[in-house]
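Summary of structural features
Below, each chain spelled out in residue letters.
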Amino acid sequence: MAVENLEKLWLIGHMINLYRIENRKLYNDEYSIERFCEGICTRNTLKRIENGERCRESTYMNILSKFDLLFGDFPKIDEALLLMLDQLYNAIEFYDIPSVKEYCQKALTLLERVRNYVVYSELYMLFKDVYDHFQYDIIISRDSMHHYLKLIEIMPDAYDDLIRLLILNRLPLDAIENGKEYNNHIKKLCLYNTKVQFTRDYTG
């Protein structure tokens, strides 16, 4: 389904930038602007896309194929997820684990058929990580934490507290090694502006 929503295009563009930068750290020049856009678009076009500007659909499709992702928008799924979030947050706040798992499973079912599409792939992993945390007491990896720290800057605000939850359960593992970084991350998470009342005092 074509993407007409300008906010979604802005998000997709910033996700492309995030993925390219993350991959450049692993594969160096292959994901530099020059190499990355070869045969697809000009440097200026890629910069415009990564800044959230609209471009041709075929250009998005070719760029996203480099990350094994598809280009599309599914407003009904977006609406259904947003309607469910308040119930999920309420269950998290009262530590109602059966309900948390139930709502996460519902979200994963909704996202299953679109999990290979940009944005929706991230939402799928987000709900899966939250489910795994409450079901198996799994804490995300350090790499995942840093990915979520970047993601929280661009994702719709409605999902911020789910991302905060995952990051906050990871941060104490790294606090002893780097207290300054820990405090910087805490400030960045803006814990004064949350829907969920986090019970632990992370501000130390």
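Residues numbered from 1 in each chain as written. Predicted model: local features only at pLDDT ≥ 70, side-chain atom pairs only at ≥ 80, totals over all residues. Heavy atoms only, no water.

1. Some words on the overall build of the protein chain
Check the secondary structure of the protein chain and you find 10 helices and 0 strands. Counting helices and strands in the order they occur from the N terminus, the protein chain gives α-α-α-α-α-α-α-α-α-α. In the protein chain, which comprises 204 residues, the share counted as buried stands at 49%. Contacts spanning at least 24 positions in sequence make up 67% of the contacts within the protein chain whose residues lie at least 6 apart. Total accessible area computed for the protein chain in this model is approximately 11400 Å², and 48% of it derives from carbon and sulfur atoms. (Helix = DSSP H or I, 4+ residues; strand = E, 2+ residues; numbered from the N terminus. Buried < 20%, exposed > 50% of the residue type's maximum accessible area, 1.4 Å probe, protein only. Contact = heavy atoms within 4.5 Å. Areas by Shrake-Rupley, 256 points an atom, 1.4 Å probe, with all protein chains shown as cover.)

2. Details of the packing of aromatic side chains
Following the criterion strictly, the structure yields 11 aromatic pairs and no others. Relative to Phe36, the ring of Tyr31 has its centre 5.8 Å away and its plane inclined at 35°; by these criteria the two rings are tilted. Each member of the pair, Tyr31 as well as Phe36, is classed as buried. Measuring from centroid to centroid gives 6.5 Å for Tyr131 and Tyr136, while their planes differ by 75°, and the two rings are edge-to-face. Using a relative accessible area of 15% as the deciding quantity, one classes Tyr131 as buried. Grouping aromatic residues by their ring pairs yields a cluster made of Tyr19, Tyr27, Tyr31, Phe36 and Phe67. The lysine or arginine in question, Lys66, covers the ring of Phe36, its NZ or CZ lying 5.3 Å from the ring centre. (Phe/Tyr/Trp six-rings, centres within 6.5 Å; stacked < 30°, edge-to-face > 60°. Lys NZ or Arg CZ within 6 Å of the ring centre and 35° of its normal.)

3. Some words on unusual backbone geometry
For Asp68, which is not glycine, the phi torsion reads 60° and is therefore positive. Mapped onto the elements of the fold, Asp68 is located in the loop between helix H4 (57-65) and helix H5 (75-93).

Note that all results are geometric; they support no functional claim without further evidence.
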